[in-house]
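Descriptive analysis of the structure
Here's the letter readout for the chains.
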Amino acid sequence: MSSSLLSANPAVNSGRSSTRRRNKKKIQSRAIAENLSSNDQLQNSPIEWKSDAQQQIYSSKLLQALRQVQNGDGSPAPKRVHEAADRALATTAKGRTRWSRAILTNRLKLKFMKKNNIVKRQRKLITAISAGNTRSQRKSKVRILRLKSKSLPAFQRKVRVLSRLVPGCRKQSMPVVLEEATDYIAALEMQVRAMSALAELLSVSGASSSH
């Protein structure tokens, strides 16, 4: 009798449905938060550059980039091979690091600059005309920067030099530079291993085809 009265009461039924909806929303929000945290962990997790699987991924991307180099522009072949190898390394890193994003964005900047060579030449002419007035100011600025760099401690000077060697790390803090440099060096070591293995394969295949 009491259960029939409760089921017939619309206030009780609406209360139960509202609590069910709230519980369902809580469960959904927890699931979304767990998925987001797992995705963040995957994105922020460092790449295992020393693994064979990562080397195979880079080797396949490098071969694709080298095939595109054969149909490239008129720039020298060693320069195009170097750019292709770095671009494949940056794409293998999937933009997780600052140096990989800097390499990829630098490639886009180069394409944009090639399309606007005429405007660039005009600007060079204008700057060449006005260079006579600004040379003394530039020299004084360079001297001030050199004095500032000499006054820094030796460790900070080394970190500054390191920040210039790692792409995308200029004017970054010391922890960022060290973290990026550690990952970049590991990636370069893997690049050397992959390119050495590829060179051996090509030399063996060339020797077998000549016989």
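Residues numbered from 1 in each chain as written. Predicted model: local features only at pLDDT ≥ 70, side-chain atom pairs only at ≥ 80, totals over all residues. Heavy atoms only, no water.

The name that an unreviewed UniProt entry assigns to the protein chain is Transcription factor bHLH148-like protein, with the source organism given as Salvia divinorum. As stated in UniProt under Subcellular location (unreviewed entry), the record for the protein chain gives "Nucleus". (UniProt positions renumbered as here; feature names shortened; annotations may be inferred.)

Quick look at the overall build of the protein chain
The helix and strand tally for the protein chain stands at 8 helices and 0 strands. For the protein chain, buried positions account for 19% of its 211 residues. Taking all contacts inside the protein chain whose residues are at least 6 apart in sequence as the whole, residues at least 24 apart take part in 57%. If you sum the accessible surface of the protein chain, you get close to 16400 Å²; carbon and sulfur atoms cover 58% of it. (Helix = DSSP H or I, 4+ residues; strand = E, 2+ residues; numbered from the N terminus. Buried < 20%, exposed > 50% of the residue type's maximum accessible area, 1.4 Å probe, protein only. Contact = heavy atoms within 4.5 Å. Areas by Shrake-Rupley, 256 points an atom, 1.4 Å probe, with all protein chains shown as cover.)

With respect to the side chain of Gln55
Mapping Gln55 onto the fold places it in helix α3 (residues 52-70). Residue Gln55 is classed as buried on the basis of its relative accessible area, which comes to 16%. Apart from the residues within four sequence positions on either side, Gln55 is in contact with Met190, Arg193, Ala194 and Ala197.

Details of the nonpolar core
Counting 21 residues, the largest nonpolar core has Trp49, Tyr58, Leu62, Leu89, Trp99, Val166 and Met190 as its most contacted members. The set of elements that each furnish at least two residues to this core consists of α3, α4 (77-93), α5 (98-115) and α8 (174-210). Here this core gets 7 residues from one element, more than from any other, and that element is α8. With residues near it in sequence (within four places) discarded, Tyr58 still touches Ala85, Ala88, Leu89, Thr92, Met190, Gln191, Ala194 and Met195. (Core = buried A, V, L, I, M, F, W, Y, C linked by side-chain atoms within 4.5 Å.)

Concerning the packing of aromatic side chains
The geometry of an aromatic ring pair is captured by two quantities: the separation of the ring centres and the angle between the planes. With the rule as written, the count across this model stands at 2 aromatic pairs. Their ring planes at 55 degrees and their centres at 5.1 Å tell us that Trp99 and Tyr184 sit as a pair that is tilted. One end of the pair, Trp99, is in helix α5; the other, Tyr184, is in helix α8, and 85 residues separate them in sequence. Just as Trp99 is buried, Tyr184 falls in that class too. Pairwise contacts between aromatic rings join Trp49, Trp99 and Tyr184 into one cluster. (Phe/Tyr/Trp six-rings, centres within 6.5 Å; stacked < 30°, edge-to-face > 60°.)

Brief notes about the confidence of the model for the protein chain
When the pLDDT values of the protein chain are averaged, the result is 76; 58% of them are 70 or greater. Of all the helices and strands in the protein chain, helix α1 (residues 2-8) carries the lowest mean pLDDT, 49, while α4 carries the highest, 90. (pLDDT = per-residue confidence, 0-100.)

Let's talk about α4
In a regular helix each residue adds 1.5 Å, so 17 residues correspond to 24 Å; α4 covers 24 Å between its end C-alpha atoms and thus fits that length. Regarding α4, the residues found buried are Arg80, Ala84, Ala85, Asp86, Arg87, Ala88, Leu89, Ala90, Thr92 and Ala93. Two residues or fewer after α4 comes Lys94, characterised by a positive phi angle close to 60 degrees. (Expected span 1.5 Å × (residues − 1).)

Details of unusual backbone geometry
Most peptide bonds take the trans form, and the phi angle of most residues other than glycine is negative. Its identity is not glycine, yet Lys94 carries a phi of approximately 60 degrees, on the positive side. By the element assignment, Lys94 lies in the loop between α4 and α5. The exposure class assigned to Lys94 is exposed, which follows from its relative accessible area of 63%. Even without being a glycine, Lys171 presents a positive backbone phi close to 60 degrees.

Focus: the packing of α3 against α4
Close contact between α3 and α4 brings their axes to 9 Å; oriented N to C, the two are set at 140 degrees. Relative to α4, α3 is oriented oblique. The hand of the α3/α4 crossing is right-handed. For the pair α3 and α4, the contacting residues are Gln54, Ile57, Tyr58, Lys61, Leu62, Ala65, Leu66, Gln68 and Val69 in the first and Arg80, Val81, Ala84, Ala85, Arg87, Ala88, Leu89, Thr91 and Thr92 in the second. (Axes fitted to C-alpha atoms, helices over the stretch in contact; angles between N-to-C directions. Parallel < 35°, antiparallel > 145°, perpendicular 65-115°, else oblique. Left-handed = near helix turned anticlockwise from the far one by under 90°.)

Focus on the environment of Ile57
Inspection of the secondary structure assignment puts Ile57 in helix α3. The spacing of Ile57 and Leu89 is 32 residues in sequence and 9.7 Å in space, taken between C-alpha atoms.

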